[in-house]
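# A look at the structure
Each chain, letter by letter, is given below.
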Amino acid sequence: MEWVRHIDLMIQMLVNSEATVLDAVGHENRWRIRVLYPRRSLFSKTHDFCEAHGLTFDVNAIRELEAEPAGRYGLTKDQYDVLATATSKGYFEVPRNVTLQELAEDFDVSHQAVSERLRRAVNALVEDTLFVGLNEQEFDQ
(Lines give C-alpha, C1' and ligand atoms only; values in the text may rest on other atoms or scores of the structure.)
Protein backbone atom coordinates (compact mmCIF):
# COMPACT_ATOMS: atom_id res chain seq x y z
CA MET A 1 0.00 0.00 0.00
CA GLU A 2 1.36 3.41 -0.80
CA TRP A 3 1.45 5.65 2.25
CA VAL A 4 -0.72 8.75 2.23
CA ARG A 5 0.16 12.25 3.33
CA HIS A 6 -2.64 12.37 5.85
CA ILE A 7 -2.60 9.62 8.44
CA ASP A 8 -6.20 10.39 9.34
CA LEU A 9 -7.33 8.92 6.01
CA MET A 10 -5.60 5.63 6.80
CA ILE A 11 -7.05 5.53 10.30
CA GLN A 12 -10.53 6.28 8.95
CA MET A 13 -10.18 3.39 6.50
CA LEU A 14 -9.21 0.94 9.24
CA VAL A 15 -11.88 2.14 11.68
CA ASN A 16 -14.63 2.05 9.03
CA SER A 17 -13.80 -1.55 8.20
CA GLU A 18 -13.37 -2.63 11.85
CA ALA A 19 -9.88 -3.85 10.91
CA THR A 20 -7.05 -4.69 13.28
CA VAL A 21 -3.48 -4.01 12.17
CA LEU A 22 -1.40 -7.09 12.99
CA ASP A 23 1.85 -5.95 11.46
CA ALA A 24 3.03 -2.76 9.74
CA VAL A 25 6.49 -2.08 8.31
CA GLY A 26 7.44 0.96 6.27
CA HIS A 27 10.29 1.37 3.81
CA GLU A 28 10.85 4.55 1.80
CA ASN A 29 7.39 5.50 0.42
CA ARG A 30 5.72 2.10 0.84
CA TRP A 31 4.18 0.11 3.65
CA ARG A 32 3.50 -3.57 4.16
CA ILE A 33 0.50 -4.01 6.41
CA ARG A 34 -1.04 -7.24 7.65
CA VAL A 35 -4.66 -6.65 8.63
CA LEU A 36 -7.29 -8.80 10.30
CA TYR A 37 -10.92 -8.24 9.33
CA PRO A 38 -13.74 -9.71 11.43
CA ARG A 39 -15.68 -10.50 8.24
CA ARG A 40 -14.71 -10.83 4.58
CA SER A 41 -17.34 -8.26 3.60
CA LEU A 42 -15.41 -5.63 5.56
CA PHE A 43 -12.38 -6.18 3.35
CA SER A 44 -14.63 -5.21 0.42
CA LYS A 45 -15.45 -2.03 2.32
CA THR A 46 -11.72 -1.25 2.56
CA HIS A 47 -11.31 -1.88 -1.17
CA ASP A 48 -14.15 0.51 -1.97
CA PHE A 49 -12.78 3.15 0.41
CA CYS A 50 -9.30 2.95 -1.10
CA GLU A 51 -10.66 3.16 -4.63
CA ALA A 52 -12.77 6.22 -3.75
CA HIS A 53 -9.75 7.99 -2.19
CA GLY A 54 -7.11 7.07 -4.76
CA LEU A 55 -5.20 4.65 -2.52
CA THR A 56 -3.60 1.59 -4.09
CA PHE A 57 -2.71 -1.75 -2.57
CA ASP A 58 -1.83 -5.30 -3.54
CA VAL A 59 -3.21 -8.33 -1.73
CA ASN A 60 -0.57 -10.99 -1.12
CA ALA A 61 -2.80 -13.51 0.65
CA ILE A 62 -6.22 -13.91 2.20
CA ARG A 63 -6.55 -16.44 4.98
CA GLU A 64 -9.70 -17.68 6.65
CA LEU A 65 -9.15 -18.18 10.38
CA GLU A 66 -12.14 -20.49 10.54
CA ALA A 67 -10.93 -22.50 7.52
CA GLU A 68 -9.18 -25.84 7.45
CA PRO A 69 -5.73 -25.70 9.09
CA ALA A 70 -3.92 -25.94 5.75
CA GLY A 71 -5.51 -22.81 4.31
CA ARG A 72 -5.29 -20.96 7.59
CA TYR A 73 -1.51 -21.28 7.53
CA GLY A 74 -0.93 -20.77 3.82
CA LEU A 75 -0.22 -24.43 3.10
CA THR A 76 -1.62 -26.69 0.43
CA LYS A 77 -3.55 -29.71 1.70
CA ASP A 78 -0.69 -32.01 0.61
CA GLN A 79 1.88 -29.87 2.43
CA TYR A 80 -0.24 -29.82 5.57
CA ASP A 81 -0.83 -33.57 5.48
CA VAL A 82 2.86 -34.41 5.01
CA LEU A 83 3.95 -31.93 7.67
CA ALA A 84 1.38 -33.15 10.20
CA THR A 85 2.23 -36.80 9.54
CA ALA A 86 5.97 -36.18 9.66
CA THR A 87 5.60 -34.40 12.97
CA SER A 88 3.34 -37.01 14.54
CA LYS A 89 5.63 -39.85 13.44
CA GLY A 90 8.76 -38.14 14.79
CA TYR A 91 10.51 -36.99 11.64
CA PHE A 92 11.68 -33.83 13.39
CA GLU A 93 12.87 -35.65 16.52
CA VAL A 94 16.58 -36.17 17.20
CA PRO A 95 17.23 -38.87 16.25
CA ARG A 96 14.47 -39.24 13.68
CA ASN A 97 11.81 -41.86 14.31
CA VAL A 98 10.77 -42.10 10.66
CA THR A 99 12.61 -41.66 7.34
CA LEU A 100 11.57 -39.78 4.22
CA GLN A 101 11.20 -43.14 2.48
CA GLU A 102 8.79 -44.37 5.16
CA LEU A 103 6.77 -41.16 4.88
CA ALA A 104 6.78 -41.52 1.10
CA GLU A 105 5.27 -44.99 1.44
CA ASP A 106 2.48 -43.55 3.62
CA PHE A 107 1.58 -41.12 0.83
CA ASP A 108 2.37 -43.39 -2.11
CA VAL A 109 4.80 -40.84 -3.57
CA SER A 110 8.58 -40.65 -3.95
CA HIS A 111 10.82 -39.62 -1.08
CA GLN A 112 11.78 -36.61 -3.24
CA ALA A 113 8.12 -35.51 -3.39
CA VAL A 114 7.81 -35.80 0.39
CA SER A 115 11.04 -33.85 0.85
CA GLU A 116 9.82 -31.06 -1.44
CA ARG A 117 6.43 -30.85 0.32
CA LEU A 118 8.12 -30.67 3.70
CA ARG A 119 10.54 -27.95 2.60
CA ARG A 120 7.79 -25.88 1.00
CA ALA A 121 5.53 -26.31 4.03
CA VAL A 122 8.24 -25.27 6.48
CA ASN A 123 9.17 -22.33 4.26
CA ALA A 124 5.53 -21.18 4.09
CA LEU A 125 5.16 -21.39 7.87
CA VAL A 126 8.41 -19.52 8.52
CA GLU A 127 7.56 -16.75 6.07
CA ASP A 128 4.03 -16.43 7.45
CA THR A 129 5.14 -16.27 11.07
CA LEU A 130 8.72 -15.09 11.43
CA PHE A 131 9.31 -12.91 8.39
CA VAL A 132 6.00 -11.13 7.84
CA GLY A 133 6.87 -7.57 6.91
CA LEU A 134 10.60 -7.94 7.51
CA ASN A 135 11.92 -8.52 3.99
CA GLU A 136 12.74 -5.04 2.73
CA GLN A 137 13.94 -6.38 -0.62
CA GLU A 138 10.35 -7.17 -1.52
CA PHE A 139 9.52 -3.47 -1.30
CA ASP A 140 11.67 -2.85 -4.36
CA GLN A 141 9.87 -5.41 -6.53
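Structure: above.
The text that follows walks through the structure, step by step, so that each part is easy to find. (Residues numbered from 1 in each chain as written. Predicted model: local features only at pLDDT ≥ 70, side-chain atom pairs only at ≥ 80, totals over all residues. Heavy atoms only, no water.)

## Topic: unusual backbone geometry
The omega torsion across valine 94 and proline 95 is -5°, close enough to zero to call that bond cis. With respect to the element layout, proline 95 can be found in the loop between α4 (77–88) and α5 (100–107). For glutamate 18, which is not glycine, the phi torsion reads 55° and is therefore positive. Assignment of secondary structure puts glutamate 18 in the loop between α1 (7–16) and β1 (20–27). Even without being glycine, aspartate 108 reaches a positive phi, approximately 55°. Its location among the elements puts aspartate 108 in the loop between α5 and α6 (111–129). (Helix = DSSP H or I, 4+ residues; strand = E, 2+ residues; numbered from the N terminus.)

## Concerning the packing of aromatic side chains
Here a ring pair, both rings aromatic, is described through the centre-centre distance and the interplanar angle of the planes. Using the criterion set out here, one finds two aromatic pairs in the structure. With centroids separated by 5.6 Å and ring planes inclined at 80°, the aromatic side chains of tyrosine 37 and phenylalanine 43 adopt a geometry described as edge-to-face. What makes phenylalanine 43 partly exposed here is its relative accessible area of 22%. An angle of 85° between the planes, with centres 5.2 Å apart, marks the rings of tyrosine 91 and phenylalanine 92 as edge-to-face. (Phe/Tyr/Trp six-rings, centres within 6.5 Å; stacked < 30°, edge-to-face > 60°. Buried < 20%, exposed > 50% of the residue type's maximum accessible area, 1.4 Å probe, protein only.)

## Digging into the pattern of salt bridges
Considering all chains together, one arrives at five salt bridges under this definition. Glutamate 18 serves as the salt-bridge partner of arginine 39, at 3.8 Å between the closest nitrogen and oxygen. Remark: glutamate 18 occurs in the loop between α1 and β1 and arginine 39 occurs in the loop between β2 (30–36) and α2 (40–52); sequence separation between them is 21 residues. Judged by its relative accessible area of 44%, arginine 39 is partly exposed. For the salt bridge of aspartate 78 with arginine 117, the shortest nitrogen-to-oxygen distance reads 4.0 Å. (Salt bridge = Lys/Arg side-chain N within 4 Å of Asp/Glu carboxyl O.)

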